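# Inside the fold
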Amino acid sequence: MSAINRDPKIVVIGAGFAGLTAASHLTKHGYLNVTILEAMDRPGGRVHTTKPFGENVIDLGANWIHGQDGNPIFIMAKEHGLLAENDSCSTMCLPGAVTPKDYFFHQNGKLFDSDEVEHVCQVFDNLMSKAFNEELGPKYKETSLGDYLDEEFSASELISIEGAKMVFEWCKRVECTDEACSSLYEFSVSQLRLYTALEGGFFNSLGPGGYQAILDILLKSLPLGVLVCSTPVKFIKWNLNQGTSPPGEMYPVKVICDNDEELEADHAIVTVPLGYLQEKATEMFYPPLPDWKIRAINRLGFGTVSKIFLEFEKTFWPVDCSGIQLVWEQGHEDKDMYMSMLDGDSWKDTWYKKICGFDTVARHPNVLCGWITGKEAEYMEILDDNIVGETCTRLLRLFTNWDVSNPVRVVRSLWKENPYVRGSYTYIPVGVDAQKEQEALAEPLPSVSCNSTNKPLQVLFAGEATHVNYYTTTHGAYLSGEREAQRIINYYKKSPVSSVGK
Ligand SMILES: Cc1cc2nc3c(=O)[nH]c(=O)nc-3n(C[C@H](O)[C@H](O)[C@H](O)COP(=O)(O)OP(=O)(O)OC[C@H]3O[C@@H](n4cnc5c(N)ncnc54)[C@H](O)[C@@H]3O)c2cc1C
């Protein structure tokens, strides 16, 4: 390894949690020659807090902090007083003792008995906990989560309870949304155990500032001028000047932007989403990324979860209602339906069957938020606002028989359509060794351990998808950014630079 006689120059690509944390960590440790290049006109990436309905914010991307113990995002939120005041009623705060609850409707307008629904959901949750926490054995090694759940359902007492199957299928649809996959029949059950759920409440909500309030803490920690928005990177050249100049004198990396601006660097930390890499990685680097890196990018899954916000003139749901859940006779999460969807496009006629339901929204008494996932979500994203609004209204009328007026505004997330994201978050497909591929994705180029005489750590990779235990989450993104910044810091500790850290 060779030292350099100047401040190392570091370019971070992407200003989501991973990129902002990497830059913040580096600058705190005295590495001041850092630039973040962000393609969009705002930092935050898949955290996007906005105010389309007046005073109060909504989050189009991440909205919960998953787990508390050891979660840096939770710790920051707590320290700065950013958590929702009463988390147990985070969707709506009601006067008196009314406890908000979900209303489960059959497509024929009949309301399900809440004890029956709770019973089915409990069995479902137990099966999921088992999959997360226990070795399921060889039987389920190469199996999908959908097949595991179906098999366990058939062996349970639920099989003989009328209506239980339909509610169980609804649970599968919600799980599909949590996991951002198109179908649970494509999602690996054996790899679930790698994901680590942090202790403490799983769904911690933020207060009136939304997720932006946490981003703001990171943004304030950055020296002026570090963050450059509206500057997409189109190309990264690495291994430059190796062997042709005195070691450490020249920059081995050149980052070229869409506007043709070029930045030389000692290190580039790439934090772009996996979805973006799946589309661009083969054309974005020279020399091209090695085969094992491309394989990791393509083997891991990157699915779409979308939110549909509907604003109404006035509420039409009861005061104790926290969500209207839609239970179909046969939804898209059913195995037969899944198989038939593999051929042809007829599923597009019933894309809305993938909507789980509509939840009330904190601090927005007249707004509901619908959740949809998979290729149906991707299809929804290309439809017109009016069509989406009309379809949702039709569903709400069909299921509830309530007096549902037309929404006055429809606001949707468009994560698949976003050219710099191309989906929502990572999932592990059946047959993929998650740890192997995620470690390959995170491996820097060239790595410190490899035999190359070229300068190590020229291109580093961070982002939610690179974290083996906390992928999909904001804290996974945060910790991956910190990991790559620390990797650079450790490298110079062993091979010091005279001016850094003073
Ligand atoms: C709908 C939805 C709901 C979610 N809910 C939760 C939740 O409740 N809790 C939770 O913990 N997580 C949630 N997540 C996941 C969480 O948002 C992400 O895991 C996390 O924000 C990812 O951060 P990141 O830094 O890895 O990537 P990103 O935030 O995607 O940042 C990457 C950045 O790279 C930029 N970029 C891409 N290409 C280029 C280029 N060529 N040049 C320059 N910049 C580029 C992008 O514009 C982006 O800003 C949710 C995500 C979505 C979409």
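Residues numbered from 1 in each chain as written. Predicted model: local features only at pLDDT ≥ 70, side-chain atom pairs only at ≥ 80, totals over all residues. Heavy atoms only, no water.

## A closer look at the overall build of the protein chain
- Looking only at helices and strands, the protein chain has 13 helices and 21 strands in total.
- In terms of overall size, the protein chain behaves like a compact globule, its C-alpha atoms giving a radius of gyration of 24 Å where 502 residues would be expected to give roughly 23 Å.
- Within the span of the protein chain, comprising 502 residues, buried residues form 57% of the whole.
- In the protein chain, the share of contacts with a sequence separation of at least 24, taken over all contacts with a separation of at least 6, comes to 76%.
- Counting every atom, the protein chain has about 21200 Å² of accessible surface; 49% of that belongs to carbon and sulfur.
- If you average the places of the 45 positive and of the 67 negative side-chain charges in the protein chain, the two averages end up 6 Å apart. (Helix = DSSP H or I, 4+ residues; strand = E, 2+ residues; numbered from the N terminus. Rg over C-alpha atoms; globule rule 2.2 N^0.38 Å. Buried < 20%, exposed > 50% of the residue type's maximum accessible area, 1.4 Å probe, protein only. Contact = heavy atoms within 4.5 Å. Areas by Shrake-Rupley, 256 points an atom, 1.4 Å probe, with all protein chains shown as cover. Lys, Arg positive; Asp, Glu negative; His and termini not counted. Charge placed at Lys NZ, Arg CZ, Asp CG, Glu CD.)

## Overview of the sheet that holds strand 2 (residues 34-37)
- If you trace the 5 strands from one edge of the open sheet to the other, you get 8-2-1-12-21, paired in parallel fashion. Every interior strand has two partners, whereas the edge strands, strand 8 (227-228) and strand 21 (459-461), have only one.
- Sheet analysis places strand 1 (residues 10-13) next to strand 2, joined by 4 bridges and oriented parallel. What sits directly across from V11, in strand 2, is T35. (Pairing = 2+ DSSP bridges.)

## Description of the site of the ligand
- Taken together, 37 residues are adjacent to the ligand, and E38, R46, W64, V233 and T474 come closest.
- For the ligand, the protein covers 99% of the area, taking 1000 Å² as the surface of the free molecule.
- If you list the elements that add at least two residues to the shell around the ligand, you get helix 1 (17-28) and helix 13 (474-494).
- Here the shell around the ligand is built from residues that sort into 21 nonpolar, 13 polar and 3 charged. (Near = heavy atom within 4 Å. Nonpolar A, V, L, I, M, F, W, Y, C, P; charged D, E, K, R; others polar.)

## Regarding the packing of helix 1 against helix 6 (residues 212-220)
- Two numbers describe how helix 1 lies on helix 6: the axes approach to 9 Å, and their chain directions differ by 30°. Here helix 6 runs roughly parallel to helix 1, going by the angle between their axes. Handedness of the helix 1/helix 6 crossing: left-handed. Here helix 1 contributes F17, L20, T21 and S24 to the contact with helix 6, which in turn contributes I214, L215, L218 and L219. (Axes fitted to C-alpha atoms, helices over the stretch in contact; angles between N-to-C directions. Parallel < 35°, antiparallel > 145°, perpendicular 65-115°, else oblique. Left-handed = near helix turned anticlockwise from the far one by under 90°.)

## Some words on the pattern of salt bridges
- For the coordinates displayed, the defined rule picks out 23 salt bridges.
- Among the salt bridges present, the one from R46 reaches E464, with a minimum N-O distance of 2.7 Å. Linking R46 in the loop between strand 2 and strand 3 (49-50) with E464 in the loop between strand 21 and helix 13, this pair joins segments that are 418 residues apart in sequence.
- The exposure class of R46 is partly exposed, given its relative accessible area of 21%.
- Two residues, E437 and R299, come together in a salt bridge whose shortest N-O distance is 3.6 Å. With E437 in helix 12 (residues 434-442) and R299 in helix 8 (residues 291-299), this residue pair connects regions lying 138 residues apart in the sequence. (Salt bridge = Lys/Arg side-chain N within 4 Å of Asp/Glu carboxyl O.)

## What about the domain arrangement of the protein chain?
- Its domain assignment divides the protein chain into domain 1 (10-46 + 207-302 + 428-494) and domain 2 (84-196 + 305-412).
- Contacts between domain 1 and domain 2 engage 16 residues on the former and 13 residues on the latter.
- On inspection of domain 1 and its partner domain 2, the count reaches 0 salt bridges.
- One can count 6 residue pairs in polar contact (both at pLDDT 80 or more) joining domain 1 with domain 2.
- Taken together, the residues of the side of domain 1 that touches domain 2 break down into 9 nonpolar, 6 polar and 1 charged. (Domains from an automatic or database assignment. Polar contact = N/O pair within 3.5 Å; in protein donor to acceptor, adjacent residues only side chain to side chain.)

## Focus on the sheet that holds strand 13 (residues 285-286)
- Here 4 strands make up an open sheet; going across it, the order is 11-10-9-13 and the pairing mixed. Each edge of the open sheet is held by one strand with a lone partner, namely strand 11 (262-265) and strand 13.
- Together, strand 9 (233-237) and strand 13 form the strand contacts of helix 7 (residues 274-284), whose direction differs from that of strand 9 by roughly 50°.

## Considering the nonpolar core
- Judged by nonpolar contacts, the single largest core of 40 residues is most densely connected at F17, L26, I214 and I269.
- At the level of secondary structure, the elements contributing two or more residues to this core comprise strand 1, helix 1, strand 2, helix 2 (72-79), helix 6 and helix 13.
- Grouped together as the second largest cluster of nonpolar side chains are 39 residues, M284, L300, A440 and V459 included. (Core = buried A, V, L, I, M, F, W, Y, C linked by side-chain atoms within 4.5 Å.)

## Considerations on the pairing of strand 2
- Of the two faces of strand 2, both are covered, the one formed by V34 and I36 as well as the one formed by T35 and L37.
- Here strand 2 runs beside strand 8; their pairing, made up of 2 bridges, is parallel. Bridge assignment links L37 to a residue of strand 8, and that residue is V228.

## Side note on the packing of aromatic side chains
- By the definition in use, this model includes 28 aromatic pairs.
- With centroids separated by 5.4 Å and ring planes inclined at 25°, the aromatic side chains of Y185 and Y338 adopt a geometry described as stacked. Here Y185, found in the loop between helix 5 (164-179) and strand 7 (204-205), pairs with Y338, found in helix 9 (residues 335-341); they are 153 residues apart in sequence, far enough to count as distant. Each member of the pair, Y185 together with Y338, is buried.
- Its end group placed over the ring of F153, K165 keeps NZ or CZ at 5.3 Å from the ring centre.
- The ring of F461 has K293 lying over it, and the distance from NZ or CZ to the ring centre is 3.7 Å. (Phe/Tyr/Trp six-rings, centres within 6.5 Å; stacked < 30°, edge-to-face > 60°. Lys NZ or Arg CZ within 6 Å of the ring centre and 35° of its normal.)

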